[in-house]
Amino acid sequence: MIGLGEVITAMVTPFDREYNINFNSCGKLIEHIIDQGSDGILLSGTTGECPTLSDDEKIKLFKFAKDNFGSRIKIIAGTSSNDTAHSLELSREAEKQGIDGILLTVPYYNRPSQAGIFKHFSTIAGEVNIPVILYNVPSRTSSNLESKTCVELSKISNICGIKEASSNMRQITEIIAGTDEDFIVYSGNDGDTLPVLSMGGYGVISVASHIIGKRIKEMISSFKKGNFKDAAKMHCDLSDIFYGIFIATNPVPIKEALNLMGLDVGPCRLPLCPMEDNKLTSFKEILKRHGLIGN
């Protein structure tokens, strides 16, 4: 089993007021995420606003994180594209930066068949020598990586796991049942973490861990120690955050939370924009209940 850890934060990309990557804020944010107990960070994922980042920006972000924090936390690069050749090129560049692994999303918009999805992932995995985590998020891609396809992909030596965000518990169960023990299944939704753990999943690639990472680690630790009631209580206590951070399109709410907490991560790039006032008011109440911001 690869050692990328149980809790990986799908990190936002901090921008300045001119919408350039703010590397000073990026460093402070990574320090904060380390303090929150995350084992790794995922850069240039959906939460990192990957659709609006250029390849040059992504590579600079990978290099910055690896050079400055690579000895303290695992660095995973989002190198997804719905163009296999493009994704392969970016994956090779990430490998050159010494990244610990890459995350590849099911190709979006062009809606390939299961055979096309298999060839997309296997082609990229066959051309790099670092661990590959698959990412299934049908709500974003309009395509589902079926359990049978995932099981076949798991037989490729460096395809080491999957971030499963379908919330299809039968499908996730079939993946866990059909793959070897060293194939890691991460929950791709914070609210699904405990159910996925109960079926034999390993951990979570999380958005909420930006702000409650220690509590998520504690929940996972309690479950794995057999303290199931304690873990269930923590899950219930945190559920309003797990779902509240999606009160508007991710990463708008989590960036708002970090800014309110004094971690300047800046705005989102268009086409994402600030949430409506009524949603912001509701979201602030959730943060206040958990002591994350003051009254």
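Described below are features of the structure shown in this document. (Residues numbered from 1 in each chain as written. Predicted model: local features only at pLDDT ≥ 70, side-chain atom pairs only at ≥ 80, totals over all residues. Heavy atoms only, no water.)

The next thing to look at is the pairing of strand 5 (residues 132–136). Residues in a regular strand project their side chains so that they alternate between the two faces of the sheet. Burial analysis of strand 5 places 5 of its 5 residues in the buried class, which makes it a mostly covered element. The alternating pattern of strand 5 places V132, L134 and N136 and I133 and Y135 on opposite faces, both of which are buried. Looking at chain direction, strand 4 (residues 101–105) and strand 5 are connected through 4 bridges and run parallel. Across the sheet, T105 pairs through a bridge with Y135, a residue of strand 5. (Buried < 20%, exposed > 50% of the residue type's maximum accessible area, 1.4 Å probe, protein only. Helix = DSSP H or I, 4+ residues; strand = E, 2+ residues; numbered from the N terminus. Pairing = 2+ DSSP bridges.)

Bringing the side chain of T105 into the picture now. Residue position: T105 is located in strand 4. For T105, a relative accessible area of 11% corresponds to the buried category. Excluding residues within four positions of it along the chain, T105 makes contact with S80, H120, F121, Y135, V137 and T141. (Contact = heavy atoms within 4.5 Å.)

Burial along strand 8 (residues 203–206) is two-sided: G203 and I205 facing one way and V204 and S206 facing the other are all buried. By the bridge criterion, 3 bridges tie strand 1 (residues 7–10) to strand 8 in an arrangement that is parallel. Its bridge partner being in strand 8, T9 is matched across the sheet by S206. Sheet topology note: the strand 7 (residues 184–187)/strand 8 ladder contains 2 bridges and is parallel. Across the sheet, Y186 pairs through a bridge with G203, a residue of strand 8. With helix 8 (residues 193–198) bridging strand 7 and the parallel strand 8, this β-α-β connection has right-handed handedness. (Right-handed = clockwise from strand over helix to strand, strands pointing away.)

Another point: the nonpolar core. Ranked by size, the top nonpolar core spans 79 residues in total, and within it I30, I41, I102, L134, L145, I211 and I212 carry the most contacts. If you tally residues by element for this core, the top one is helix 9 (residues 209–224), at 6 residues. Not counting the four nearest positions on each side in its chain, L145 is found in contact with V106, Q114, I117, F121, L134, N136, C150, L153, I162, E164 and Q171. A10, C160, I184 and I205 belong to the second-largest nonpolar core, a separate cluster that totals 15 residues. (Core = buried A, V, L, I, M, F, W, Y, C linked by side-chain atoms within 4.5 Å.)

One closed barrel holds the 8 strands; their spatial order is 1-2-3-4-5-6-7-8, and the pairing between them is parallel. Put simply, the sheet's adjacent strands are angled 25° from each other on average, direction ignored. Set on the sheet, helix 3 (residues 84–96) makes contact with strand 3 (74–78) and strand 4; between it and strand 4 the angle comes to about 165°. (Axes fitted to C-alpha atoms, helices over the stretch in contact; angles between N-to-C directions.)

Moving on, we get to helix 2 (residues 55–69). It helps to recall that an α-helix has 3.6 residues per turn; residues three or four apart then point in one direction. For helix 2, spanning 15 residues, the distance from its first C-alpha to its last is 21 Å, which sits close to the expected 21 Å at 1.5 Å a residue. Listing the buried residues of helix 2 in full gives E57, K58, L61, F62, F64, A65, K66 and F69. (Expected span 1.5 Å × (residues − 1).)

With that out of the way, let us pick up the packing of helix 10 (residues 228–244) against helix 12 (residues 277–289). Contact geometry of helix 10 with helix 12 gives a least axis separation of 10 Å together with a crossing angle of 145°. As helix 10 packs across helix 12, the resulting crossing turns out to be left-handed. Facing D240, I241 and G244 of helix 10, the residues of helix 12 in contact are F283, I286 and R289. Split by residue class, the contact of helix 10 with helix 12 holds 3 nonpolar, 1 polar and 2 charged. (Left-handed = near helix turned anticlockwise from the far one by under 90°. Nonpolar A, V, L, I, M, F, W, Y, C, P; charged D, E, K, R; others polar.)

One can find S38 in the loop between helix 1 (23–35) and strand 2 (40–43). Of the polar contacts made by the side chain of S38, one reaches the side chain of T9; its length is 2.6 Å. Dropping the residues within four chain positions of it, S38 is found in contact with V7, T9, I33, I73 and S209. (Polar contact = N/O pair within 3.5 Å; in protein donor to acceptor, adjacent residues only side chain to side chain.)

End to end, helix 9 covers just 18 Å across 16 residues, shorter than the expected 22 Å (1.5 Å per residue, more than 12% under). At R215, helix 9 shows its strongest bend, of approximately 40°. Those residues of helix 9 that fall on the buried side of the exposure criterion are S209, H210, I211, I212, G213, I216, M219, I220, S222 and F223. Phi for G226, located one or two positions after helix 9, is positive at around 90°. (Bend = angle between axes of the 7 residues up to and from the residue.)

What follows deals with the pattern of salt bridges. Scanning the entire structure with this criterion turns up 16 salt bridges. In this structure, R72 and E31 form a salt bridge, with 2.9 Å as the shortest nitrogen-oxygen distance. One end of the pair, R72, is in the loop between helix 2 and strand 3; the other, E31, is in helix 1, and 41 residues separate them in sequence. Residue R72 is classed as partly exposed on the basis of its relative accessible area, which comes to 44%. Here K217 and D39 are joined by a salt bridge, their closest N and O atoms 3.0 Å apart. (Salt bridge = Lys/Arg side-chain N within 4 Å of Asp/Glu carboxyl O.)

Right, let's talk about the packing of aromatic side chains for a bit. Applying the stated criterion to the full structure yields 4 aromatic pairs. Above the face of the Y135 ring, K163 is positioned so that its terminal group lies 4.1 Å from the ring centre. When the ring centre of Y202 is taken as reference, the NZ or CZ atom of K224 above it lies at 4.2 Å. (Phe/Tyr/Trp six-rings, centres within 6.5 Å; stacked < 30°, edge-to-face > 60°. Lys NZ or Arg CZ within 6 Å of the ring centre and 35° of its normal.)

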